[in-house]
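The chain contents come next:
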Amino acid sequence: MTRRTGLLLLAAAALILPAPAPRADGARPAGDPSYSGQPLADFAARRAALRKAAGDGMVLLIGSPAGEEGKYRPDSNLYYLTGVSAPSAALVIVPPDDPLNANAALYLPQTGGSATRFGEAYLSPGPDAVAATGIDPVHRLWDMWDEIEPSIRKAPRIYIQGPVGEAARYTASARTIDRIRAINPGAEVLDVGRLVNAMRLKKSPAELDALRAAGAATIEGMEGAARSIRPDAVELAVEGEILAGFRRKGAAREGFPCIVGSGPNATILHHTSSDRTMAAGELVVVDIGAEVRCFSGDVTRTFPVNGKFTPRQRQVYDLVLAVQKAVSEAVVPGKTTLGDLNTLARRLFRESPLRAKGDDGTVRTMDAFFAHSISHWLGMEVHDVGSMGATLEPGMVLTIEPGLYVPGEGIGIRIEDDYVVTERGAEKLTPGLPSDAASIEKLMRSKRTR
Ligand code: GLY
Ligand code: MN
């Protein structure tokens, strides 16, 4: 390669590479899109695609304000379209020939620019925010309604963050709908999810990086769980070890409340970790997901409290694991649906020679004890948006999570990993965590080395 073409390639790469990682000294204001790890060009392409899909309609997304408690989590759709994680940001996208005289505008509260005494100094309106977001203009939130009134007056359709209609009552979107109606009573107000949900199904390389990081943090938490589960351990104390693992790997939040379910709690699918003390002979289902850069992991492992599965627990465990493997190998891009994966899992459980007794004492095939779906989409939401009927395509991310629940035997076993669909099939996003029974027992005996 000549020096000249090399430089050209470098210049081209600079256009498509992600923004540099934020400086640890906090030189960039909180809420800046560079914290997302995603290139500005990705956000711009999404806004352009949404603008096209909206036709002569306009988009108005108003982000939630910072609450009194908890860490601020930006609204997923707003983040997907801007990468901005500042509270109370608002995005407006307008059709061609709109009075706004721009394709899109961002509105931000004026936060003062420099560090404040009580909290973060967030990205603020002005030229710095234009450079940081690639959106022009970035104006004060205070001025938004006056500025966009002519656009609203003209728009036949306005897409907002749902819910809309009857379901909007008592929600933040009700206030947005009221203000729109006061300006343009004839405008049709629709949920932006109609256009964005399908776009969010396929993840970009940078989104997959965030999902891998979330998976790695989730694994760190799971290893903490494995090492702290023992007779007399308390579910909530195990949760504490999980959260320590998440935080070590940079996860500020969880994608959903940790599930540490021991004994009878292992058969409650969405049990919330409690003050229950676990006992030898029981199983513990640990279903957890660290959130990194707004993307969630979702991984489940099942542990024997005393570090060794009984022969019966092992039998059921091995069946669940075999079903996970078979289902993951059945993914064919461009062909398979989540429905197909469900049908396959049910068939495999039904065809297994194993049997168990149902609540009424009847002996049943194992499909009777598979109490939920095999998969869901994964992304910024743990149960991510997008049609459940969609055909699997490269870039889509799903969980595969077979489980069997036999309350009469105190057995609850679930194994769950996260997968991205590739050109060839399904690739595990969480490959660093073993799942076979012997490795689970070994992990429980291991010591933390880092
Ligand atoms: N990990 C919780 C769920 O998938 O429902
Ligand atoms: Mn799940």
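Asks: An account of the packing of helix H10 (residues 311–329) against helix H11 (residues 338–351) is requested, with residue identities and associated values reported.
Replies: Where H10 meets H11, the closest approach of the two axes is 10 Å, and the angle between their N-to-C directions is 145°. For H10 against H11, the interelement crossing comes out right-handed. Between H10 and H11, the contacting residues are Leu 319, Val 320, Val 323, Ala 326 and Val 327 on the first element and Leu 341, Leu 344, Ala 345, Leu 348 and Phe 349 on the second. When grouped by side-chain class, the residues that make up the contact of H10 with H11 number 10 nonpolar, no polar and no charged.

Asks: For the site of ligand 1, give the residues involved together with the corresponding values.
Replies: Close to ligand 1 lie Phe 256, His 270, Asp 287, Asp 298, His 376, His 383, Glu 401 and Glu 416, which account for all nearby residues. Within the side chain of Asp 298, one N or O atom sits 2.7 Å away from a nitrogen atom of ligand 1. Glu 401 places a polar side-chain atom, nitrogen or oxygen, 3.4 Å from an oxygen atom of ligand 1. Here ligand 1, which alone exposes 200 Å², has 92% of that area covered by the protein. Taken together, the residues of the shell around ligand 1 sort by class into 1 nonpolar, 3 polar and 4 charged.

Asks: Would you mind going over the sheet that holds strand E19 (residues 426–428) in detail, with residue names and values included?
Replies: One open sheet holds the 3 strands; their spatial order is E15-E18-E19, and the pairing between them is antiparallel. Each edge of the open sheet is held by one strand with a lone partner, namely strand E15 (397–400) and E19. Along the sheet, successive strands turn relative to each other by an average axial angle of 40°, direction set aside.

Asks: Please set out unusual backbone geometry residue by residue, giving values where relevant.
Replies: A cis amide bond links Asp 136 with the next residue in sequence, Pro 137, at an omega value of 10°. Residue placement: Pro 137 occurs in the loop between helix H4 (127–133) and strand E4 (138–140). One non-glycine residue, Asp 97, lies in positive phi territory at about 65°. Under the relative-accessibility criterion, Asp 97 is labelled exposed at 71%.

Asks: Quick rundown of the environment of Arg 445? Include the residues and the values.
Replies: Structurally, the position occupied by Arg 445 is in helix H12 (residues 437–445). Under the relative-accessibility criterion, Arg 445 is labelled exposed at 60%.

Asks: I'd love a proper account of the nonpolar core, names of residues and values included.
Replies: Of all hydrophobic cores here, the largest spans 63 residues; its most connected members are Ile 242, Val 286, Leu 398 and Leu 404. Tallying contributions element by element places H10 first for this core, with 7 residues. In contact with Val 286, other than residues within four places in its own chain, are Met 222, Ala 225, Ile 229, Ile 242, Ile 259, Val 260, Val 299, Thr 300, Arg 301 and Phe 303. Core analysis: the second largest hydrophobic core is formed by 41 residues, Ala 89, Ala 129, Phe 295 and Val 382 among them.

Asks: Tell me about the layout of surface pockets, residues and numbers included.
Replies: Approximately 480 Å³ is the volume attributed to the second largest pocket. If one sorts the elements of the lining of the second largest pocket by residue count, helix H6 (residues 172–183) sits on top with 5 residues. Partitioning the lining of the second largest pocket into residue classes produces 10 nonpolar, 8 polar and 3 charged.

Asks: Go over the coordination of the manganese ion (ligand 2) with me, naming the residues and quoting the values.
Replies: The manganese ion (ligand 2) binds to the protein through Asp 298 (OD), His 376 (NE2), Glu 401 (OE) and Glu 416 (OE), with metal-donor distances spanning 2.0 to 2.3 Å. All donors to the manganese ion (ligand 2) come from one chain, and their sequence spacing reads D-x77-H-x24-E-x14-E. Of the two residues, Asp 298 is situated in the loop between strand E11 (295–296) and strand E12 (299–304) and Glu 416 in the loop between strand E17 (411–414) and strand E18 (417–421); the sequence distance between them amounts to 118 residues. Residue Asp 298 is classed as buried on the basis of its relative accessible area, which comes to 3%.

Conventions and cut-offs
- Residues numbered from 1 in each chain as written.
- Chains lettered and ligands numbered in written order.
- Predicted model: local features only at pLDDT ≥ 70, side-chain atom pairs only at ≥ 80, totals over all residues.
- Heavy atoms only, no water.
- Axes fitted to C-alpha atoms, helices over the stretch in contact; angles between N-to-C directions.
- Helix = DSSP H or I, 4+ residues; strand = E, 2+ residues; numbered from the N terminus.
- Left-handed = near helix turned anticlockwise from the far one by under 90°.
- Contact = heavy atoms within 4.5 Å.
- Nonpolar A, V, L, I, M, F, W, Y, C, P; charged D, E, K, R; others polar.
- Near = heavy atom within 4 Å.
- Polar contact = N/O pair within 3.5 Å; in protein donor to acceptor, adjacent residues only side chain to side chain.
- Areas by Shrake-Rupley, 256 points an atom, 1.4 Å probe, with all protein chains shown as cover.
- Pairing = 2+ DSSP bridges.
- Buried < 20%, exposed > 50% of the residue type's maximum accessible area, 1.4 Å probe, protein only.
- Core = buried A, V, L, I, M, F, W, Y, C linked by side-chain atoms within 4.5 Å.
- 1 Å grid on protein atoms, 1.4 Å probe; cavity = no way out; pocket = protein on both sides within 12 Å on 5 of 7 lines; lining within 4 Å.
- Points joined across faces, edges and corners; volume = space filled by probe spheres on them.
- Donors = N, O, S within 2.8 Å, 3.2 Å for Na, K, Ca; no water.

All quantities given are derived from atomic positions and should not be read as evidence of function.
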